[in-house]
Amino acid sequence: MKYISTRGQVAPIGFIDAVLMGLADDGGLLVPERLPQLSQDTLQQWQKLSYTELALEVFSLFMKADIPREDLKKLVDDSYGTFREEDVTPVRRIHDGLYVLELFHGPTFAFKDVALQFLGNLYSYISRRNNSIIHILGATSGDTGASAIEGVRGKEGIRICILHPHGKVSKVQELQMTTVDSANVLNLAVEGTFDDCQRIIKELFADVEFKHQYHLRAINSINIARILAQTVYYFYAYFRLVDQGVAGDKINFSVPTGNFGDIFAGYLAQKMGLPVNKLILATNENNILARFVNEGVYQPGEFRGTHSPSMDIQVASNFERYLFYLYGEDAAKVAALMAQFKADGRIAIEGEALARVQADFAAYSVENEACLDAIEGTHKHQGYLLDPHTACGVTAAAHLAAAGEVTVALSTAHPAKFDESIRLRGIRQTYPAQIEALFNKPQFQKVVGGSNEEIKAELLRFF
Ligand SMILES: Cc1ncc(COP(=O)(O)O)c(C=O)c1O
Ligand SMILES: N[C@@H](CCOP(=O)(O)O)C(=O)O
């Protein structure tokens, strides 16, 4: 399998080169040259596989030309061996129409671990195999940073610098990132929003000379490995519902969305042949993506601090990957649209293209109080505690799933990570021991203003 850029100016490259390139050198994003098409027979054979067996099959489709199967198996086993549940991503029934796919049983209690445990091990593997230097630069609204740091802390040949918006992540997220006392970890707390952090790293990656000179690598979902790893649990969830005899022909997935990575993984799974009815896109009040689906206008609005801070995102990285498929893999069209977005700050579509978007996704923007209502209601009536991001997905499903449809809501974080929001409705929870332990540890982070030059200087000192 080769990988190409959404903007068409990168010659096809193999999987390992795609991982190392991160952001495509022409400013676009890498995607598989062609998507595998799964037959009914293959889906039937996969039905009985464990999570790790399934991951190995899916990964093989995309990576087998670059990584021998026994090495890939070891990477998969090591990555998912750190999860607290044997099932890795178990599915729980909330009621007949609603199931929750728990993606938070990894080391940092968020769905990011599913891809980042793998990517951390993969970087280690590449570093050993190619004797290459891995300097990771990432931006986070809280979960990616903690997960990426956990994936590579103390690993030889790897250094990681993470930018997070100062004071805009939850206390547990901040502690998870900043209590890691390791010489290969640098936390920069930027005076700004997540969008500022993401813009800075993208501009630094776009400086191809700088990127190559300092061996900069990405762990955000601009890295295609992240998306591919996240497709696995859509298949796994579907198979578990089939086991329980509730899947019918097709099921809905409801996905809390910020950077458009997680739902884009579901979109790819569907394009590969997974029987999906509706892909429900849930946003919080930072609702650029819901407005795009419902009105056809992609334009950042005013930043809102919400109860689901990890989704306080205006400019969604993976949107460009979706445009590529929306316009029939026409890279010139994508390049023109992204140039227009850079110049005008908006993209507007209508007619047939908008109809295609609305066939691909149903979207709902969840207001702050509605998010808390869902947490309180589900806790009271079903005895299940949702985190605020998951609560956005559950709320969107309640609005957009039709009677008789079955929806799997992706549960992207453990509620303990967002106790500030949950307490607002008088709910008291007990922290898992690993999270409780964080409160007694010293923190290591540097607050920075956030100009590109300042960040560059920090990187040069660190790398
Ligand atoms: C807990 C949580 N839920 C949902 C999301 C949204 O995922 P994505 O950015 O892949 O759309 C994020 C991060 O963005 C997150 O950390
Ligand atoms: N919510 C994310 C934002 C970064 O998204 P990514 O999927 O591109 O890494 C976070 O927790 O950092």
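- Taking an unreviewed UniProt entry as the reference, the protein chain is identified by name as Threonine synthase belonging to Paenibacillus gansuensis.
- The heading Pathway (unreviewed entry) in the UniProt record of the protein chain holds the text "Amino-acid biosynthesis; L-threonine biosynthesis; L-threonine from L-aspartate: step 5/5."
- The heading Sequence similarities (unreviewed entry) in the UniProt record of the protein chain holds the text "Belongs to the threonine synthase family."

## Points about the site of ligand 2
Piece 1. Taken together, 13 residues sit near ligand 2, with Thr140, Asp143, Thr144, Asn220 and Ser221 positioned nearest.
Piece 2. Between lysine 112 and ligand 2, the recorded distance is 2.9 Å, taken from a side-chain N or O atom to an oxygen atom.
Piece 3. Separating an oxygen atom of ligand 2 from a backbone N or O atom of aspartate 143 is a distance of 2.7 Å.
Piece 4. Protein chains bury 95% of the 340 Å² of accessible surface belonging to ligand 2 in isolation.
Piece 5. The pocket occupied by ligand 2, as judged from atoms lying within 2 Å of grid points, is the largest cavity.
Piece 6. Residues that form the shell around ligand 2 fall into these classes: two nonpolar, eight polar and three charged.

## A word on the nonpolar core
Piece 1. With 120 residues, the main nonpolar core has Phe59, Tyr80, Leu122, Phe235 and Phe253 as its most contacted residues.
Piece 2. Looking at this core, the element that brings in the most residues is helix H10 (residues 224-243), giving 14 residues.
Piece 3. The residues touching phenylalanine 235, leaving out its near neighbours within four places in the chain, are Leu38, Leu43, Trp46, Leu54, Ala269, Met272 and Leu274.
Piece 4. One finds Leu163, Ile200, Ile222 and Phe462 within the second-largest nonpolar core, a separate group that totals 25 residues.

## Here's the deal with the sheet that holds strand E13 (residues 362-365)
Piece 1. The six strands lie next to each other as E3-E4-E14-E9-E10-E13, forming an open sheet whose pairing is mixed. Looking along the sheet, the strands with just one partner apiece sit at the ends: strand E3 (91-95) and E13. If you compare each strand with its neighbour and ignore which way they point, the axes differ by 25° on average.
Piece 2. In this structure, strand E10 (residues 276-283) lies alongside E13, joined through four bridges in parallel fashion. Of the residues in E13, the one forming a bridge with alanine 282 is tyrosine 364.
Piece 3. Sitting on the sheet, helix H11 (residues 261-272) is in contact with strand E9 (251-256), E10 and strand E14 (407-411), with an inclination near 170° to E10.

## Description of empty space enclosed by the protein
Empty space among the atoms can be located by rolling a probe the size of a water molecule over them.
Piece 1. This model, assessed by the stated rule, comprises two cavities of 30 Å³ or more.
Piece 2. By volume, the largest cavity is sized at about 310 Å³.
Piece 3. What lines the largest cavity is a set of 27 residues, and nearest its centre among them are Phe111, Lys112, Asn259, Ser310 and Ile313.
Piece 4. Top element by residues in the lining of the largest cavity is H11. It accounts for three residues.
Piece 5. A breakdown of the residues in the lining of the largest cavity according to their chemical character gives nine nonpolar, 14 polar and four charged.

## Overview of the layout of surface pockets
Piece 1. As a volume, the largest pocket reaches approximately 790 Å³.
Piece 2. As for the largest pocket, its lining consists of 24 residues, and the residues nearest its centre are Arg7, Lys202, Met338, Phe341 and Lys342.
Piece 3. When contributions to the lining of the largest pocket are tallied by element, the ones reaching two or more residues are helix H8 (194-206), helix H13 (319-326) and helix H14 (331-344).
Piece 4. Tallied by class, residues from the lining of the largest pocket come to eleven nonpolar, four polar and nine charged.

## Some words on unusual backbone geometry
Piece 1. With a phi close to 65°, phenylalanine 109 is a non-glycine residue in the positive phi region.
Piece 2. Summarising the element assignment, phenylalanine 109 is placed in the loop between strand E4 (98-102) and helix H5 (112-130).
Piece 3. Given a relative accessible area of 3%, phenylalanine 109 falls into the buried group.
Piece 4. Positive phi is not limited to glycine here, since histidine 215 has a value of about 55°.

Analysis parameters
Residues numbered from 1 in each chain as written. Chains lettered and ligands numbered in written order. Predicted model: local features only at pLDDT ≥ 70, side-chain atom pairs only at ≥ 80, totals over all residues. Heavy atoms only, no water. UniProt positions renumbered as here; feature names shortened; annotations may be inferred. Near = heavy atom within 4 Å. Polar contact = N/O pair within 3.5 Å; in protein donor to acceptor, adjacent residues only side chain to side chain. Areas by Shrake-Rupley, 256 points an atom, 1.4 Å probe, with all protein chains shown as cover. 1 Å grid on protein atoms, 1.4 Å probe; cavity = no way out; pocket = protein on both sides within 12 Å on 5 of 7 lines; lining within 4 Å. Sits in = over half its atoms within 2 Å of the grid points. Nonpolar A, V, L, I, M, F, W, Y, C, P; charged D, E, K, R; others polar. Core = buried A, V, L, I, M, F, W, Y, C linked by side-chain atoms within 4.5 Å. Buried < 20%, exposed > 50% of the residue type's maximum accessible area, 1.4 Å probe, protein only. Helix = DSSP H or I, 4+ residues; strand = E, 2+ residues; numbered from the N terminus. Contact = heavy atoms within 4.5 Å. Pairing = 2+ DSSP bridges. Axes fitted to C-alpha atoms, helices over the stretch in contact; angles between N-to-C directions. Points joined across faces, edges and corners; volume = space filled by probe spheres on them.

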